[in-house]
Amino acid sequence: MSFPFEVLISEVGPRDGLQSVKATMPTVDKLRWIDALVAAGLREIEVGSFVPARLLPQMADVVDVVHHTLRHQGITVMALVPNRRGAEAALAAGVHKITLPVSASEAHSLANVRKTPAQMLDELREVHALRRELAPVVSMEVGLSTAFGCTLQGAVNEDDVIRLAVACVEAGVDEVGLSDTTGMANPAQVRRLFTRLRDELGERAGAAHMHNTRGLGLANCLAAFDVGVRTFDASLGGLGGCPYAPGASGNVVTEDLVFMFEAMGVRTGIDISKLIAAREPLRAGLPGEPVYGMTPEAGLPKNFFS
């Protein structure tokens with residue numbers, strides 16, 4: 001197999017990770033953590049979500065976090081927005097990319113955003129119109145949640161996933177990826193569904209967002225890579241999950257994902273030693289919170305250079 005020179009690792013811990021823990025990380029620690037991620041070579045960071053602080057107090061400082069991260073050069077600053085109101089706030093703050101929570105499972109969609117997938121398509125159209133009017137250079141993406149199965153609904157029909165992905169693009173989204181929100185995916189399923197997605201959407205087929213709930217996170221990322229996916233979401237220390245999907249623990253560990261690709265000869269642009277060092281401000285800001293990762297525990301092999 002001939003490998004490309006580079007993949008993009010999108011760090012989602014400051015949003016996906018922090019919203020899934022009960023404690024609220026102090027802003028000063030959050031900024032130190034983001035600075036450490038930037039120093040390690042991360043080029044895209046999901047820094048927060050624009051939701052009411054009463055719902056997610058962990059995200060109450062999102063505007064300050066966005067403004068701080070924007071001081072760094074060469075970083076794509078991304079934030080989740082659930083609706084037009086959130087998008088207005090995110091665009092005013094100056095983010096480079098917005099992502100919206102659309103779920104392939106109606107049960108998860110209702111639990112997560114209190115809207116059906118069809119209603120979320122209406123939100124996409126409104127946000128796209130707003131983006132086009134106020135900030136046309138800002139990217140807009142969707143990572144289809146529960147694309148590989150749902151703990152609330154059960155099996156999710158693959159034809160429905162692809163139809164919804166096409167509908168998202170028709171609503172104005174630049175890219176649509178697939179998210180294994182509940183950690184139910186397997187490599188054969190990942191290959192099959194991402195192949196279909198790429199056949200349907202071409203360049204608008206987006207990232208793989210995998211969870212390690214059942215230990216298959218890296219295997220599923222490799223399966224997605226094998227069929228052409230080149231952007232992967234991950235969370236430092238495996239922090240995160242989904243508070244509205246029972247049992248949805250564990251994003252793919254950024255450190256392990258970077259090690260896998262670099263060991264294969266696939267460039268990530270990330271200094272893995274500095275990436276492991278970025279665990280220190282994470283631990284300082286969330287004392288007692290479990291932090292995972294096989295690579296940080298085992299250490300790097302002798303003469304390994306990323």
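First things first, this report covers the structure right here in the doc. Just so it is clear, the structure is predicted and the values come from calculations on it, not from any experiment.

### Observations regarding the overall build of the chain
Here's step 1: Counting its regular elements, the chain contains 13 helices and eight strands.
Here's step 2: Principal-axis analysis of the C-alpha atoms gives the chain an extent of 50 × 45 × 35 Å.
Here's step 3: A separation threshold of at least 6 residues defines the contact pool for the chain, and within that pool the share at least 24 residues apart is 74%.
Here's step 4: Of the roughly 12,600 Å² that the chain leaves accessible, carbon and sulfur atoms contribute 51%.

### Section: the packing of helix H4 (residues 84-93) against helix H6 (residues 117-134)
Here's step 1: Taken N-terminus to C-terminus, the directions of H4 and H6 make an angle of 25°; their axes are 9 Å apart at the nearest point. Taken together, the axes of H4 and H6 lie roughly parallel to each other. Taken as a pair, H4 and H6 cross one another with a handedness that is right-handed. On the side of H4, the interface is formed by Arg84, Ala87, Glu88 and Leu91, while H6 contributes Glu123, Glu126, Val127, Leu130, Arg131 and Leu134.
Here's step 2: Class assignment of the residues belonging to the contact of H4 with H6 gives a composition of five nonpolar, no polar and five charged.

### Observations concerning the packing of helix H2 (residues 27-40) against helix H3 (residues 62-69)
Here's step 1: Direction vectors running N to C along H2 and H3 enclose 30°, while the axes themselves pass 10 Å from each other. Where H2 crosses over H3, the handedness of that crossing is right-handed. Across the interface between the two elements, Lys30, Leu31, Ile34 and Asp35 from H2 touch Val65, His68 and Thr69 from H3.
Here's step 2: Residue classes in the contact of H2 with H3 are distributed as three nonpolar, two polar and two charged.

### Topic: the side chain of Glu262
Here's step 1: By the element assignment, Glu262 lies in helix H10 (residues 254-264).
Here's step 2: Separated by 2.6 Å, the side chains of Glu262 and Thr268 make a polar contact.

### Examining unusual backbone geometry
Leave glycine aside and you will find that most residues have negative phi; peptide bonds, for their part, are mostly trans.
Here's step 1: The residue Thr146 is not glycine, and still its phi comes out positive at about 50°.
Here's step 2: On the secondary structure map, Thr146 appears in the loop between strand S5 (139-144) and helix H7 (158-170).
Here's step 3: For Thr146, a relative accessible area of 0% corresponds to the buried category.
Here's step 4: Notably, Asn303 is not glycine yet its phi reads approximately 65°, a positive angle.
Here's step 5: Of note, Asn303 is situated in the segment after helix H13 (294-298).
Here's step 6: Asn303 sits in the exposed class, given a relative accessible area of 61%.

### Remarks on the nonpolar core
Here's step 1: Ranked by internal contacts, the top residues of the largest apolar core, which has 91 residues, are Ile9, Leu124, Leu144, Cys168, Phe194 and Phe232.
Here's step 2: Setting aside its immediate chain neighbours within four residues, Leu144 contacts Val102, Val161, Leu164, Ala165, Cys168, Val176, Gly177, Leu178 and Ser179.

Reading the values: the criteria
Just so you know, the residues in each chain are numbered from 1, in the order the chain's sequence is written. Only residues with pLDDT of at least 70 get local features here, since the model is predicted, and only at 80 or more are side-chain atom pairs given and counted; chain-wide, interface and lining totals rely on the full set of residues. To obtain the side-chain values, all non-hydrogen atoms of the structure were included, while hydrogens and water were left out. Each helix corresponds to a stretch of at least 4 residues labelled H or I by DSSP, and each strand to a stretch of at least 2 residues labelled E; elements are numbered beginning at the N terminus. Contacts are residue-level and defined by heavy atoms, with any inter-residue pair within 4.5 Å sufficient. Per-residue and other accessible areas were derived by the Shrake-Rupley procedure at a 1.4 Å probe size, with only the shown protein chains allowed to occlude residues. Between the N-to-C directions of two axes lies an angle of 0 to 180 degrees, each axis being a line fitted to C-alpha atoms and, for a helix, fitted only over the stretch in contact. An angle counts as roughly parallel when it lies under 35 degrees, as roughly antiparallel when it exceeds 145, as roughly perpendicular when it falls between 65 and 115, and as oblique in every other case. Here a crossing is taken to be left-handed if its near helix is turned anticlockwise relative to the far helix by less than a right angle, and right-handed if that turn runs clockwise. Just so you know the grouping, Ala, Val, Leu, Ile, Met, Phe, Trp, Tyr, Cys and Pro go in nonpolar, Asp, Glu, Lys and Arg go in charged, and all remaining residues, Gly too, go in polar. For this analysis, a polar contact is any N or O atom pair within 3.5 Å, provided that within protein one partner can donate a hydrogen and the other can accept it, and provided that sequence-adjacent residues contribute only side-chain to side-chain pairs. Burial classes: relative accessible area under 20% of the type maximum marks a residue as buried, over 50% as exposed, and values in between as partly exposed (1.4 Å probe, protein chains only). Joining through side-chain atoms within 4.5 Å is the link that ties buried Ala, Val, Leu, Ile, Met, Phe, Trp, Tyr and Cys residues into a set, and such a set is a nonpolar core.

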